[in-house]
Amino acid sequence: MRRYKRAILRARAEKLGVKPSRYVRETWDKLQRKAVGTQRGRNVLHGSSPKSKW
């Protein structure tokens, strides 16, 4: 489902005439923050830090 939602965002960006990758990245982040809340930020940090710093 994630793949299809992001494809829809990409198509919308092309219609708007903006850079698809930037539009998808920004819009997807907003959607995820609305759906998941503050936990998303913790997950992002957890995924990008070395395991020894958990």
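Nothing here was measured: the structure is a model prediction, and the numbers come from that model.

**Section: the packing of aromatic side chains**
Inspection of every chain in the model, using the stated rule, returns 0 aromatic pairs. Above the plane of the ring of Trp28 lies Arg6, whose end atom (NZ or CZ) is 5.4 Å from the centre.

**Some details on the nonpolar core**
Within soluble globular proteins, side chains that are nonpolar tend to cluster in buried spots. Residues Leu9, Ala13, Tyr23, Val24 and Trp28 constitute the largest nonpolar core, which totals 5 residues. When residues of this core are traced back to their parent elements, those giving at least two are helix H1 (2-16) and helix H2 (20-36). In terms of residue count, the dominant contributor to this core is H2 (3 residues).

**Overview of the packing of H2 against helix H3 (residues 38-48)**
It is at 6 Å that the axes of H2 and H3 come closest, and there the two elements cross at 120°. Between H2 and H3, the interaxial angle falls into the category oblique. Across the interface between the two elements, Asp29, Gln32, Arg33 and Val36 of H2 pack against Thr38, Gln39 and Arg40 of H3. Class assignment for the residues of the contact of H2 with H3 results in 1 nonpolar, 3 polar and 3 charged.

**Digging into the pattern of salt bridges**
Going through the model one piece at a time under the given rule, you end up with 2 salt bridges. Between Arg33 and Asp29 there is a salt bridge, and its shortest N-O distance comes to 2.3 Å. Here Asp29 and Arg33 lie together in helix H2, a separation of 4 residues that amounts to about one turn. Among the residues examined, Asp29 registers a relative accessible area of 21% and is labelled partly exposed. Among the ionic pairs, Arg40 bridges to Asp29, the shortest N-O distance being 2.9 Å.

The rules we used
- Residues numbered from 1 in each chain as written.
- Predicted model: local features only at pLDDT ≥ 70, side-chain atom pairs only at ≥ 80, totals over all residues.
- Heavy atoms only, no water.
- Phe/Tyr/Trp six-rings, centres within 6.5 Å; stacked < 30°, edge-to-face > 60°.
- Lys NZ or Arg CZ within 6 Å of the ring centre and 35° of its normal.
- Core = buried A, V, L, I, M, F, W, Y, C linked by side-chain atoms within 4.5 Å.
- Buried < 20%, exposed > 50% of the residue type's maximum accessible area, 1.4 Å probe, protein only.
- Helix = DSSP H or I, 4+ residues; strand = E, 2+ residues; numbered from the N terminus.
- Axes fitted to C-alpha atoms, helices over the stretch in contact; angles between N-to-C directions.
- Parallel < 35°, antiparallel > 145°, perpendicular 65-115°, else oblique.
- Contact = heavy atoms within 4.5 Å.
- Nonpolar A, V, L, I, M, F, W, Y, C, P; charged D, E, K, R; others polar.
- Salt bridge = Lys/Arg side-chain N within 4 Å of Asp/Glu carboxyl O.

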